[in-house]
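If you want the building blocks of each chain, they are given just below.
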Amino acid sequence: MNIQLIDKKVFNIKNNLTLKLITAEGLKKAKFKKTLKKAGFQAKQDSLCAMHGKSLLFCGLENYDAENLRTAAATTAKAIKNYDYKSISVNVDKNTISAIIEGFVLGGYEFNNYKSKAKKIKIKNLYLTCENIKELTALFEEALIITEATSFTRNLVNTAPDDMHPEVMAKVAKKLAQENGLLCSILGKSELKKERCSAMLAVGRASRYESKLIHLTYRPKNAKKTISLVGKGLTYDSGGLSLKPAISMVTMKMDKAGACAVLGIIKAVSELKLDIEVHAFIGAVENMIGGDAYKPDDVLVSRKGDTIEVRNTDAEGRLVLADVLDYAQERTKPDYLFDFATLTGACMVALGQYTTGVMGHSNRLKHDLGKAATKAGELTASLPFNKHLKKQLKSDIADICNISNKPYGGAITAGLFLDNFIKEENKSRWLHFDIAGSAYTETPWDVNVYGATGAGVRFMTQFLKSIK
Ligand code: BES
Ligand code: ZN
Ligand code: ZN
């Protein structure tokens, strides 16, 4: 969809559908209130009523809160897909423009790369009509950058695992670096060996694709802060020898969503030209089975030097992240260190499938991120660490075990496993985001449609925008 900001006074386009977002209060004073009443329209949130004779579409709003504007725009974007107009227009102002763009772009998103026949959508243009273009231009451009970055992340996650394996992911990162003026370095098997990333290498050993550690840097001239982002990039998680049951293996192409979020975030930050230095580190690995696979009972030596007893090869993300986090902390001295990972099914058990689990030591930082997430329209909740859960990772034979010895608190024990690899000076600068539930959906919710949601991109960009 082509989106344009246009002055109300000069707007005059033929074959255009005008969208009216309307509250129950607004309905009382509406020009066509009698006709709308006849159709049973009460302006309930996300309810639609079309008057094609007048080229009008009404969508109900509970109030003008951003979350309601977003879902109303998303509902509209889905409904108009078969309509026979050339364009749709809607009035916006500085309080509504961002939410309306987000709803339209993300709610209208479709991933059709594997459909042999392209779908035809007649409405190709969205006109945002306004009174004062100058006042809205910056907000307009910003919302476009952020929603495009979210769609970019969704596209990568939705791509089938054999079309987005670690080697392809490295190519995607290189291309993004070229287009957006980022530095890019990629470590393959031999470099990873030199870097002593044995835990990461073990996970990828049975794959026919080489594991890759990707490092992108956005370095503006007068950077105020340095931020390091780390993403779990399991381009497929079969579980390894601790093989997943058939039913849970389906959708495991999404185990790369952390890596794809990190790519989307650095894309957005570089296009918004924020004055912060941002590093994106990705562990791109495929967890497979075979004669060469790593196994339960193996003891791995992590890059940090700690030994890890493997008791379940399906708890692989934390092994990859242990090495990538260590590498990231040696290469950069970040003011903030954030990792994104579809790490545990337990996070969904704890918070439901819509909410990102936030873990770390700084309550202040967790609070600031929660605020940014609410503003951006993403759900997050804090999962608190404690020293008792930490004991559940003790190993009788090595320094740490890759799974907990108790069946409870699995999202937190996974977070605590990562904590073991966070250097003392970074403890209060670090947060871990478990996006296992929020990154992917098979039933639409909010502005999300079937498949990847792009979880993390909006809330992290919002947070990074607010850094002083
Ligand atoms: N990638 C999965 C976590 C996951 C599960 C993400 C469902 C999205 C949806 C991760 O690698 C995994 O398999 N974790 C195990 C950990 C367990 C073996 C301790 C899990 O959650 O069952
Ligand atoms: Zn797994
Ligand atoms: Zn995994």
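Before any of the text, the structure's been laid out above.
Quick summary incoming for the structure in this document.

So, how was this worked out
- Residues numbered from 1 in each chain as written.
- Chains lettered and ligands numbered in written order.
- Predicted model: local features only at pLDDT ≥ 70, side-chain atom pairs only at ≥ 80, totals over all residues.
- Heavy atoms only, no water.
- Pairing = 2+ DSSP bridges.
- Helix = DSSP H or I, 4+ residues; strand = E, 2+ residues; numbered from the N terminus.
- Axes fitted to C-alpha atoms, helices over the stretch in contact; angles between N-to-C directions.
- Contact = heavy atoms within 4.5 Å.
- Near = heavy atom within 4 Å.
- Polar contact = N/O pair within 3.5 Å; in protein donor to acceptor, adjacent residues only side chain to side chain.
- Areas by Shrake-Rupley, 256 points an atom, 1.4 Å probe, with all protein chains shown as cover.

### Focus: the sheet that holds strand S2 (residues 16-23)
Here is step 1: As summarised here, the arrangement of the six strands in space is S1-S6-S5-S2-S4-S3, forming an open sheet in which the pairing is mixed. Each having just a single partner strand, strand S1 (2-7) and strand S3 (48-51) make up the two edges of the open sheet. Here the average twist between neighbouring strands, direction ignored, is 25°.
Here is step 2: As paired strands, S2 and strand S5 (residues 87-91) are joined by four bridges and run parallel to one another. The partner of Asn16 across the bridge, within S5, is Ser87.
Here is step 3: Helix H4 (residues 97-107) contacts S1, S2, S5 and strand S6 (125-130) of the sheet and is inclined by roughly 170° relative to S6.
Here is step 4: Seen against the sheet, helix H5 (residues 133-158) touches S1 and S6 and runs at an angle of roughly 170° to S1.

### Comments concerning the sheet that holds strand S9 (residues 226-237)
Here is step 1: On the basis of which strands lie adjacent, the open sheet formed by eight strands has the order S7-S8-S10-S9-S13-S17-S14-S15 and mixed pairing. Strand pairing shows two members of the sheet lacking a second neighbour, strand S7 (183-187) and strand S15 (380-382), which therefore form its edges. For this sheet, the mean angle separating the axes of adjacent strands, direction not counted, is 20°.
Here is step 2: Helix-sheet contacts for helix H16 (residues 457-465) involve S9, strand S13 (336-341), strand S14 (356-360), S15 and strand S17 (430-434), and the interaxial angle to S13 is about 170°.

### Here we look at the site of ligand 1
Here is step 1: Taken together, 17 residues form the shell around ligand 1, and within it Lys244, Asp255, Asp314, Glu316 and Gly345 come nearest.
Here is step 2: Within the side chain of Asp255, a nitrogen or oxygen atom sits 2.8 Å from a nitrogen atom of ligand 1.
Here is step 3: One nitrogen or oxygen atom from the main chain of Gly345 is found 2.7 Å from an oxygen atom belonging to ligand 1.
Here is step 4: Notes on ligand 1: free accessible area 520 Å², of which the protein chains cover 78%.

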